[in-house]
Amino acid sequence: MKSIILAATMLITLPSISLAEFIDGNEIHERCEGPNAVSVATYAMGVADTYDLLVTYEKTTPFFCIPLQVSARQLKDVMCRYLREHPENRQQGAAGLGAVAFREAWPCS
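Rules used in this analysis
- Residues numbered from 1 in each chain as written.
- Predicted model: local features only at pLDDT ≥ 70, side-chain atom pairs only at ≥ 80, totals over all residues.
- Heavy atoms only, no water.
- Helix = DSSP H or I, 4+ residues; strand = E, 2+ residues; numbered from the N terminus.
- Expected span 1.5 Å × (residues − 1).
- Buried < 20%, exposed > 50% of the residue type's maximum accessible area, 1.4 Å probe, protein only.
- Phe/Tyr/Trp six-rings, centres within 6.5 Å; stacked < 30°, edge-to-face > 60°.

Draft legend 1. Inspection of helix 5 (residues 94-105) at higher detail. The end-to-end C-alpha distance of helix 5 is 16 Å, a good match for the 16 Å that 12 residues give at a rise of 1.5 Å each. Looking only at helix 5, the buried set comprises Ala94, Ala95, Gly96, Leu97, Gly98, Ala99, Ala101 and Phe102.

Below, the structure written as structure tokens:
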């Protein structure tokens, strides 16, 4: 189980760390509007759930604190807004960019 969590950690690291990524911010940005928008909501939920898993089971410090009643659409909207407002970062991994977007929207107090 720890190896799975470690692997997830490596895939969902902050965008400042250079790792091979499955999908970058440019690809997510292209999907933000139109028929593929639901895939962005699904991706954003995966980012949020992975960080929640790390915080819960690995006792890591929370990077963002999403309120309980936030919807999948809100996660998508926050991620898409961040990508729209920060085109200079879109070449980075989408998971890390999502985490940064969530931290900007919902910092932990």
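Alright, that's what it looks like, and here's the rest.
Draft legend 2. Just the packing of aromatic side chains, in detail. Across all of its chains, the model carries five aromatic pairs by this definition. Here phenylalanine 63 and phenylalanine 64 contribute two aromatic rings whose centre-to-centre distance is 6.4 Å and whose plane-to-plane angle is 70 degrees, an arrangement assigned as edge-to-face. For the residue pair phenylalanine 63 and phenylalanine 64, the accessibility class agrees, reading buried in each case. Where phenylalanine 102 meets tryptophan 106, the ring centres are 6.0 Å apart and the plane angle is 45 degrees; that geometry is what we call tilted. Since its relative accessible area comes to 13%, tryptophan 106 is described here as buried.

Nothing here speaks to function; it is all geometry.
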